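# Inside the fold
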Amino acid sequence: RAAGASGPYFTENSAMTTATASNSMQHLLFGFQFNLGHAETLVKDLTDEQMAQQPHGVVNHPAWTLGHLASAANMVAKQFGKESTFPTDWEDRFKTGGVPSGDAATFPSKDRLLAELKTQHERATDAVANTDAAVFAQEFPDENTRKYFPTRGDFAAYLMGGHEGNHLGQIAAWRRAMGLPSAT
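Quick notes on the rules
Each residue is numbered by its place in its chain's sequence as written, counting from 1. Where local features are concerned, this predicted model is filtered to residues with pLDDT of at least 70; where side-chain atom pairs are given and counted, the filter is 80 or more; whole-chain, interface and lining totals use all residues. Side-chain numbers come from the whole structure's heavy atoms, not from hydrogens or water. Salt bridges are counted wherever a side-chain nitrogen of Lys or Arg sits within 4 Å of a carboxyl oxygen of Asp or Glu. Helical segments are the DSSP runs of H or I of at least four residues, strand segments are the runs of E of at least two, and each set is numbered from the N terminus. Any residue under 20% of the maximum accessible area for its type is buried, any over 50% is exposed, and the rest in between are partly exposed; the area is computed with a 1.4 Å probe on protein chains only. Think of each axis as a best-fit line through the C-alpha atoms, taken over the contacting stretch in the case of a helix, with angles from 0 to 180 degrees between the N-to-C directions. The scheme is simple: roughly parallel for angles under 35 degrees, roughly antiparallel for over 145, roughly perpendicular for 65 to 115, oblique for anything else. Here, residues are in contact when the closest pair of their heavy atoms is within 4.5 Å. Gly is put with the polar residues, along with every residue not named as nonpolar or charged; the nonpolar set is Ala, Val, Leu, Ile, Met, Phe, Trp, Tyr, Cys and Pro, and the charged set is Asp, Glu, Lys and Arg. In this analysis the probe radius is 1.4 Å and the grid spacing 1 Å, with only protein atoms considered; a cavity is a set of points the probe fits into but cannot get out of, a pocket is an open set with protein on both sides within 12 Å along at least five of seven lines, and lining residues have an atom within 4 Å of a point. Grid points are joined across faces, edges and corners, and a volume is the space filled by probe spheres set on the points. Here a polar contact is recorded for every N or O atom pair within 3.5 Å, except that within protein the pair must consist of a potential hydrogen donor and a potential acceptor, and residues adjacent in sequence are included only if both atoms are side-chain atoms. Paired rings are identified among Phe, Tyr and Trp, the last through its six-membered ring, by centres lying within 6.5 Å, and are further divided according to the angle between planes into stacked (under 30 degrees), edge-to-face (over 60) and tilted (the rest). To qualify as a nonpolar core, a set must consist of buried Ala, Val, Leu, Ile, Met, Phe, Trp, Tyr and Cys residues joined through side-chain atoms within 4.5 Å. Left-handed describes a crossing in which the near helix is turned anticlockwise from the far one by less than a right angle; the clockwise case is right-handed.

## A short note on the pattern of salt bridges
On inspection of all chains with the given rule, the structure shows four salt bridges. Put simply, R175 and D45 hold a salt bridge, and the shortest N to O gap is 2.8 Å. Linking R175 in helix α6 (residues 152-177) with D45 in the loop between α1 (18-43) and α2 (62-79), this pair joins segments that are 130 residues apart in sequence. Judged by relative accessible area, which is 2%, R175 ranks as buried.

This is the structure:
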């Protein structure tokens, strides 16, 4: 854990040692792979036009969410030594804090979004799986981000687990707002 790490969600009891990180790696990677399959299941029956609809004020539609998750997976891969392969013309469209458009024509197709998500998942998985456990305990390089994620491992664990789970839950709620059945 980074020395003196503090932030709104950090407690000393949540500190992860290098040994704990190493033992937890298979669980983190399993969850990340599970999330990818869940994302595919949540959108498999949707058309490209449906992917960008915003029913009842639900702003984060599946097209934006899949691109945003692919961007996040790319950020994880970059933290562990991979060069970015995320399409540069997608960066502004899928950034954190952006407001998704409801115009399906401004988004890549569902198939292209899923392919990019899978590619970025594979890159992040490879980067994380092949990084020495000690790297996960290194202080996160960006000072502003470090307030929330003191170490590289904290950043990766959140983006690969909690962040993805949060956004996949949004797609499930979006499906309900669209009057669609649960995805199976």
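## With respect to the packing of α2 against α6
For the pair α2 and α6, the least separation of the axes is 10 Å and the interaxial angle reads 170°. By the angle class used here, α2 and α6 are roughly antiparallel. Here P62, W64, T65, L66, H68, L69, A72, M75, V76 and Q79 of α2 lie close against α6, whose contacting residues are R152, F155, A156, L159, M160, H163, E164, H167, L168, I171 and W174. Taken together, the residues of the contact of α2 with α6 break down into 14 nonpolar, five polar and two charged.

## Describing the layout of surface pockets
Considered as a void within the structure, the second largest pocket measures approximately 220 Å³ in volume. The wall of the second largest pocket is formed by 14 residues, among which H68, T96, G97, H163 and H167 lie closest to the centre. Broken down by secondary-structure element, the contributors of at least two residues to the lining of the second largest pocket are α2 and α6. By residue number, the principal contributor to the lining of the second largest pocket is α6, which donates six residues. Partitioned by chemical class, the residues of the lining of the second largest pocket number six nonpolar, eight polar and no charged.

## Notes on the side chain of Q120
With respect to the helices and strands, Q120 occurs in helix α3 (residues 110-129). A distance of 2.5 Å separates the side chain of Q120 from the side chain of R123, its partner in a polar contact. In this structure Q120 touches A70, A73, N74, T85 and F86, once residues within four positions along its chain are discounted.

## Examining unusual backbone geometry
One non-glycine residue, H56, lies in the positive phi region at around 50°. Judged by relative accessible area, which is 74%, H56 ranks as exposed.

## With respect to the packing of aromatic side chains
Using the criterion set out here, one finds eight aromatic pairs in the structure. Residues F149 and F155 carry aromatic rings whose centres are separated by 5.9 Å and whose planes lie at 80° to one another, so their mutual orientation is edge-to-face. F149 gets classed as buried once you look at its relative accessible area, which sits at 19%. Take F155: its relative accessible area is 7%, and that puts it in the buried class. A network of ring pairs unites the aromatic residues F86, W90, F94 and F107 as a single cluster.

## Here's the deal with the nonpolar core
Formed by 22 residues in total, the largest nonpolar core has its most connected members in V43, M51, L66, F94, L113 and L117. Going through the elements one at a time, α1, α2, α3 and α6 are the ones with two or more residues in this core. Tallying contributions element by element places α2 first for this core, with five residues. Every residue in contact with F94, bar those within four places of it in the chain, is listed here: A63, W64, G67, H68, F86, F107, P108 and L113. Counting residues in hydrophobic clusters, the runner-up holds 19 residues, among them M25, F155, L159 and M160.

## A word on the packing of α2 against α3
Relative to each other, α2 and α3 sit at 20°, their axes nearing to 8 Å. In this view, α2 runs roughly parallel relative to α3, as classed from their interaxial angle. Between α2 and α3 the crossing geometry is left-handed. Listed contacts from α3 to A63, L66, G67, L69, A70, A73, N74, V76 and A77 of α2 are L113, L114, E116, L117, Q120, H121, R123, A124, A127 and V128. Residue composition of the contact of α2 with α3, by class: 13 nonpolar, four polar and two charged.

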